[in-house]
Amino acid sequence: MIKTHMLTAAIRNAIVYAVTPAAAVVALTVHADEDVTQMETITVTAQALKVETPAAETPKSVSIVSEDELRQRAPQKLDEALRYTSGVTAQPYGADNDTDWIGIRGFEAATYLDGNRLFRDGYYTWLLEPYGLEAVEVIKGPSAILYGESAPGGIVNAVQKKPSSAQSNELRLELGNKNHQAVAVDASGDANDDGSVRYRLVSKFRSTDGELDHTETDRIYLAPSLEIDVSEKTELTLLATYLQDDGIPTNPFFPIYGTLLESDFGKIDPSTNYGEPDYDKYERTQISFGYQLKHYLNDTWTLNQNFNYGYNELFLRSVYAFTNYTPDSDQLYRGVVFRDGKNQSLAFDNNAVANWFTDSAEHTVLTGLDLQYSKTEGAEQDNYGFSQIDAMNPVYGNYTPLDPANNVDREINKSQVGLYSQYNLNFQQRWIANIGARYDWVSVDNKNLTSSTKDSVDESQLSMNLGLMYLADNGLSPYISYSESFEVLGTIDPVTKKPYKPLEGEQYELGVKYTPSIIDGYINVALFDITQKNALQTQGSLTTQSGETHSEGFEVEAVSKVTDTVKVSASYTYNSVKTNVTNSNEFKQAAVYPKHLATLWLDYDAYSLVDGLTIASGLRYIGESKDSPDNTAATVPGVTLWDAAATYDITSQWQAQLNINNLLDKEYVSVCNYNCYYGQSRTVMLNANYRW
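Residues numbered from 1 in each chain as written. Predicted model: local features only at pLDDT ≥ 70, side-chain atom pairs only at ≥ 80, totals over all residues. Heavy atoms only, no water.

## Concerning the overall build of the protein chain
For the protein chain, the helix and strand inventory stands at three helices and 35 strands. Along the first, second and third principal axes, the C-alpha set of the protein chain runs to 80 × 60 × 45 Å. At a minimum sequence separation of 6, the contacts of the protein chain that also span at least 24 residues come to 67%. In the structure as shown, the protein chain presents an accessible area of about 28800 Å², 55% of it carried by carbon and sulfur atoms. Charged side chains in the protein chain number 52 positive and 91 negative. The centres of these two groups are separated by 3 Å. (Helix = DSSP H or I, 4+ residues; strand = E, 2+ residues; numbered from the N terminus. Contact = heavy atoms within 4.5 Å. Areas by Shrake-Rupley, 256 points an atom, 1.4 Å probe, with all protein chains shown as cover. Lys, Arg positive; Asp, Glu negative; His and termini not counted. Charge placed at Lys NZ, Arg CZ, Asp CG, Glu CD.)

## Let's talk about the sheet that holds strand β2 (residues 88-90)
Pairing in this open sheet of three strands is antiparallel, and the strands run β2-β3-β4 from one edge to the other. Each edge of the sheet is formed by a strand with only one pairing partner; in this case those strands are β2 and β4 (107-108). For β2 and strand β3 (residues 102-104), the ladder comprises three bridges, and the chain directions are antiparallel. Note that in β3 the partner of Ala90 across the bridge is Ile102. (Pairing = 2+ DSSP bridges.)

## Some points on the nonpolar core
Grouped burial of nonpolar side chains is what soluble globular proteins tend to show. Formed by 19 residues in total, the largest nonpolar core has its most connected members in Leu82, Ile102, Val136 and Val156. Elements that contribute at least two residues to this core include exactly β2, β3, β7 (133-140) and β8 (154-160). Sort the elements by how many residues they give to this core and β7 lands first, with three residues. With residues near it in sequence (within four places) discarded, Val136 still touches Ser63, Ile64, Val65, Leu70, Leu78, Leu82, Val156 and Asn157. Core analysis: the next-biggest nonpolar cluster, separate from the first, contains 18 residues, Leu332, Ile389, Val636 and Cys672 among them. (Core = buried A, V, L, I, M, F, W, Y, C linked by side-chain atoms within 4.5 Å. Buried < 20%, exposed > 50% of the residue type's maximum accessible area, 1.4 Å probe, protein only.)

## Details of unusual backbone geometry
Of note in the backbone geometry, Lys50 takes a positive phi value of approximately 70 degrees without being a glycine. For Lys50, the position within the fold is in the loop between α1 (6-30) and β1 (62-66).

## Considerations on the packing of aromatic side chains
Going through the model one piece at a time under the given rule, you end up with 24 aromatic pairs. For the ring pair Tyr320 and Phe322, a centre distance of 5.4 Å and an interplane angle of 80 degrees mean the geometry is edge-to-face. When sorted by exposure, Tyr320 lands in the same class as Phe322, which is buried. Arranged with centres 5.5 Å apart and planes meeting at 25 degrees, the rings of Tyr690 and Trp692 form a pair that is stacked. By way of ring pairs, the aromatic residues Tyr93, Trp101, Phe253, Tyr320, Phe322, Tyr384 and Tyr677 are connected into one cluster. We note Lys50 situated over the ring of Tyr147; from NZ or CZ to the ring centre the distance is 4.7 Å. Directly above the ring of Tyr279 sits Arg317, whose terminal nitrogen or CZ lies 4.2 Å from the centroid. (Phe/Tyr/Trp six-rings, centres within 6.5 Å; stacked < 30°, edge-to-face > 60°. Lys NZ or Arg CZ within 6 Å of the ring centre and 35° of its normal.)

## Considerations on the pattern of salt bridges
Under the counting rule described, the total for this entry stands at 36 salt bridges. Between Asp245 and Arg219 there is a salt bridge, and its shortest N-O distance comes to 2.8 Å. Taken together, the residues span a long stretch of sequence, with Asp245 in strand β13 (residues 234-248) and Arg219 in strand β12 (residues 216-229) at a distance of 26 residues. Of the charged contacts in the structure, one is a salt bridge between Arg438 and Asp370, with a shortest N-O distance of 2.7 Å. Pair noted here: Arg438 is in strand β19 (residues 431-448) and Asp370 is in strand β17 (residues 361-390), with a separation of 68 residues, a long-range link. Exposure class is identical for Arg438 and Asp370. Each is buried. Members of the salt-bridge network, linked through shared partners, are Glu129, Arg172, Glu174, Lys204, Arg219 and Asp245. (Salt bridge = Lys/Arg side-chain N within 4 Å of Asp/Glu carboxyl O.)

## Considering the side chain of Ser150
Along the chain, Ser150 falls in the loop between α3 (144-147) and β8. Side-chain polar atoms of Ser150 contact the backbone nitrogen of Ala144, separated by 3.5 Å. Residue contacts for Ser150: discarding those within four places in its chain leaves Tyr112, Arg117, Ser143, Ala144, Ile155, Ser485, Phe486 and Glu487. (Polar contact = N/O pair within 3.5 Å; in protein donor to acceptor, adjacent residues only side chain to side chain.)

## Observations regarding the environment of Leu133
In this fold, Leu133 is placed in strand β7. Look at Leu133 and you get buried, because its relative accessible area is 4%. Separated by 125 residues in sequence, Leu133 and Gly258 have C-alpha atoms that sit 39 Å apart.

## Quick notes on the pairing of strand β10 (residues 180-190)
Relative to β10, strand β9 (residues 168-176) runs antiparallel, the two being bridged by nine bridges. Counted as the bridge partner of Leu171 is Val185 from β10. Connecting β9 to the next strand, β10, in antiparallel fashion are three residues, including Lys178 with a positive phi near 60 degrees. Both β10 and strand β11 (residues 197-209) contribute to a ladder of ten bridges, which runs antiparallel. Across the sheet, residue Val183 finds its bridge partner in β11, namely Phe205.

## A word on the pairing of strand β32 (residues 654-661)
When strand β31 (residues 639-649) meets β32, the two strands line up antiparallel, connected through six bridges. Note that in β32 the partner of Ala644 across the bridge is Ile660. If you look at the hairpin formed by β31 and β32, you'll find four residues sitting between the two strands. Relative to strand β35 (residues 683-691), β32 is paired through eight bridges, and the arrangement is antiparallel. Bridge pairing in β35 places Leu658 opposite Leu686.

## Describing the state of the cysteines
By definition, a disulfide links the sulfur atoms of two cysteines through a covalent bond. The full count for this structure, using the stated rule, is one disulfide. Across a sulfur-sulfur distance of 2.0 Å, Cys672 and Cys676 are joined as a disulfide pair. Measuring the twist about the S-S bond at about 105 degrees, one finds the Cys672-Cys676 disulfide to be right-handed. The residues Cys672 and Cys676 share a single accessibility class, namely buried. (Disulfide = S-S within 2.5 Å.)

## Overview of the environment of Trp601
You can see Trp601 is positioned in strand β27 (residues 596-605). With relative accessibility at 3%, the residue Trp601 sits in the buried group. The spacing of Trp601 and Ser569 is 32 residues in sequence and 5.1 Å in space, taken between C-alpha atoms. At a separation of 3.0 Å, a polar atom in the side chain of Trp601 contacts the side chain of Asp603.

## Considering the sheet that holds strand β5 (residues 110-113)
Taken in spatial order, the five strands make up an open sheet running β1-β7-β8-β5-β6, and their pairing is mixed. Edge positions in the sheet fall to β1 and β6 (116-117), since each of these pairs with one other strand and no more. With five bridges joining them, β1 and β7 adopt antiparallel strand pairing. Within β7, the residue paired with Ser66 across the bridge is Ala135.

So, to be careful, I would describe these as geometric facts and stop short of saying anything about function.
This is how it looks when you write it as structure tokens:
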């Protein structure tokens, strides 16, 4: 424990000594000359920060996947879009067709759309279509000050494509392996003569097979939006999305023997499906609509209002295999999960931003009130003795269908009210300091309508954050920060049969952002230490609470345009995640998250070789990880994967693009956590784009 928390103590002491004099500077400056001058234009960066601030001047780790990067790498899921982002473990459970799996700094990430929480309640998860996004933002570390409930590792904010005054239309055709076929349209422009109303319509129709045999998904995606200049000082953006998936679920649970560990019956093929293709069913209908309202009150104050309604209807019947506990048994027991219900959510955020100057400082104040509500209701059934299946020669059809009479009707209502405020000081364009506080009230009612029972949770939480940064003339910007998180879970602990206790987290971070004048690029380094109490742990197929999880490490992220034609992006992450498991107070390495991650991506404009040709290639190193310390604690070997992309401008309107991920088609186990999971096999996609 002493060694584990050495980093925490070091960073905590540094914050005490650094922030104390900074707080005095803040206090003196606030009471200095209060003459207000006109607000300057601030560079727009991460929307999720709620205040337009350059990333280089934010005492917090922020990574952004741009629209150009999304276009070039052509991800088909949100988790695929984050494969080259430092601190992020993307797709640890392989290519799941009905869920995104994203971990940040050793914890599962919370997901947002344009700053609105996409609620996740068990299997009722939201899926986002990458073609409909203009950016993906990763805010690392706790973000309770801005969003209330959130995971300690960080959040992922997807930014939906929005209208543009420039007329732009695109038709995209896609073909790939695994029977991938898709057509997409993106149209944007002025909706009236004076350009005060602008529109955008993004749509995609896709059909593809899953990673496992006999699995598939058909998707319909529509995303209309309208931007209106209500007046010279007021902007209104109306946003909506519709997503429908229909198919057979990919349930990638594999036993540890025959995958990671040797068995008497041989090695299991990664495409083996242990479900029931003629019985399994996956249907999802998602609808969201809302608005963003911005009003420039005067040269100092800007008022913002953000509203979103989400509707997520799910029908899921999915058979899966349990792990086998001996190397000589090729018979696997199976369970089945059944969910037939819907989740509805409301998010309503009101905030005001004031920005003004005094003689030697710039001041920014953010203050707001947000309301969040979600309701999940449906029929559920979990059967852990569904049937058996042969691991090497699965034969389907030997099962007894679920009896609807055994369904449990449940309803979960969850509400959150949060008051928050944050003050940011830029003193003499040298020192940046911020301090923020938020108070939340969270209420959860979990009702079993079948048995007429109810469990309720009412919690309140105060969250804080502090940050200090110095801007040097040579481009170096060292910073230090402290932030907190909390989560109130709406479900029941299957082991204790009681509601989960709130999860509480805190992070200390020490870093430096470097933007040297001699190169076109930047280098960011961050050292972090996170502790979460009442942490969740997996016991077989169940998730319960067992104590504490501790995550510490550092990240390096660098981007540089080496020449006019060559751009290099690289990252490295060291992350040690340890937990005191349920049957021991000893801290051991947690499952899923590798200690080492590294990426390298190279862009080359090969116009000098072939006019209109761009070539890109990337390497992803995923270091070794461990099975759960409560299970085998076996080591999952690391792997290096090679990706490649090429685009060719056939004419000024036609463009062809080829993407190949896992070029060498490496077969590997991505993680083990009681069960094991194979990583995604090679994917090949060719698309043709016509723009007018």
